[in-house]
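Breakdown of the fold
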Amino acid sequence: MNEATDDSERFMALVADLQKGDPRLSPLQAAIILAAEQGIAHDSRTFARVFGAAHALVLRELNLLAEQGERLRIVSRNARTQRTEYAVDPAAR
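These remarks concern the structure in this document. Small disclaimer: the values here were computed from a predicted structure and weren't measured.

**Examining the packing of helix α2 (residues 27-37) against helix α4 (residues 55-68)**
Contact geometry for α2 and α4: axes closest at 10 Å, N-to-C directions at 80 degrees. For the element pair α2 / α4, the angle class is roughly perpendicular. Residues Leu28, Gln29, Ile32 and Ile33 of α2 form the contact with α4, whose participating residues are Leu57, Val58, Glu61, Leu62, Leu64 and Leu65. Broken down by class, the residue content of the contact of α2 with α4 amounts to eight nonpolar, one polar and one charged.

**What to know about the pairing of strand β2 (residues 84-88)**
With respect to burial, β2 is a largely interior element, four of its five residues being buried. Sheet topology places strand β1 (residues 72-77) next to β2; five bridges connect them, and they run antiparallel. Within β2, the residue paired with Arg73 across the bridge is Ala87. The antiparallel hairpin formed by β1 and β2 contains six residues in its connecting segment, where Gln82 sits at a positive phi of about 70 degrees.

**Some words on the pattern of salt bridges**
One side chain can pair with another of opposite charge once the charged atoms of both are near each other. Applying the stated rule across the entire model yields six salt bridges. The closest approach of N and O atoms between Asp22 and Arg24, which form a salt bridge, is 3.0 Å. In this structure Arg24 comes out as partly exposed when scored by relative accessible area, which is 47%. Here the residues in one salt-bridge network are Asp22, Arg24, Glu70 and Arg71, joined through shared partners.

**Re the packing of helix α3 (residues 44-51) against α4**
At a minimum axis separation of 9 Å, α3 and α4 run at an interaxial angle of 125 degrees. When the axes of α3 and α4 are compared, the pair comes out oblique. In this structure, the crossing between α3 and α4 has a hand that is right-handed. Taking contact as the criterion, the partners of Ser44, Arg45, Phe47 and Ala48 in α3 are, on α4, His55, Val58, Leu59 and Leu62. A breakdown of the residues in the contact of α3 with α4 according to their chemical character gives five nonpolar, two polar and one charged.

**Observations concerning α3**
Residues of α3 that are buried: Ser44, Thr46, Phe47 and Ala48. Where α3 is buried, its residues touch α2, α4 and β2. Capping the start of α3, Asp43 holds a side-chain oxygen 3.1 Å from the backbone nitrogen of Arg45, two or three residues further along.

**Some points on a nonpolar patch on the surface**
On the surface, a cluster of nonpolar side chains totalling about 220 Å² of accessible area is made up of Ile40, Val50 and Phe51. Residue position: Ile40 is located in the loop between α2 and α3.

**Digging into the nonpolar core**
Proteins that are soluble and globular tend to have nonpolar side chains buried together. Ranked by internal contacts, the top residues of the largest apolar core, which has 21 residues, are Ile32, Phe47 and Tyr86. Where this core is concerned, the elements lending two or more residues are α1 (3-21), α2, α3, α4 and β2. With sequence-adjacent residues up to four places away left out, Tyr86 is seen in contact with Ile32, Ala36, Ala41, His42, Asp43, Ser44, Phe47, Leu62, Leu72, Arg73, Ile74 and Val75.

About the thresholds
Residues numbered from 1 in each chain as written. Predicted model: local features only at pLDDT ≥ 70, side-chain atom pairs only at ≥ 80, totals over all residues. Heavy atoms only, no water. Axes fitted to C-alpha atoms, helices over the stretch in contact; angles between N-to-C directions. Helix = DSSP H or I, 4+ residues; strand = E, 2+ residues; numbered from the N terminus. Parallel < 35°, antiparallel > 145°, perpendicular 65-115°, else oblique. Contact = heavy atoms within 4.5 Å. Nonpolar A, V, L, I, M, F, W, Y, C, P; charged D, E, K, R; others polar. Buried < 20%, exposed > 50% of the residue type's maximum accessible area, 1.4 Å probe, protein only. Pairing = 2+ DSSP bridges. Salt bridge = Lys/Arg side-chain N within 4 Å of Asp/Glu carboxyl O. Left-handed = near helix turned anticlockwise from the far one by under 90°. Polar contact = N/O pair within 3.5 Å; in protein donor to acceptor, adjacent residues only side chain to side chain. Patch = residues over 30% accessible without salt bridge, like charges linked within 9 Å, V, L, I, M, F, W, Y side chains within 5 Å. Areas by Shrake-Rupley, 256 points an atom, 1.4 Å probe, with all protein chains shown as cover. Core = buried A, V, L, I, M, F, W, Y, C linked by side-chain atoms within 4.5 Å.

This is how it looks when you write it as structure tokens:
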């Protein structure tokens, strides 16, 4: 098993743990939150590229998280590219 596989497995275990703590979260929503907390991605385009997800799907999940208003907030949106920057609410950790 290589280091990348170990990192992926650890990340997915953290996603599962986060979902256990909040069953309302989809796997993608939990991954978005964890990626922001771990400094992997703080915008929708970067997240989509790093995790190989469709940008439109990431945007949909980001919007759902932002509507809940408990864990994540939208910082800015680029109207042309739809790149959305976000931050995890420090109080939600």
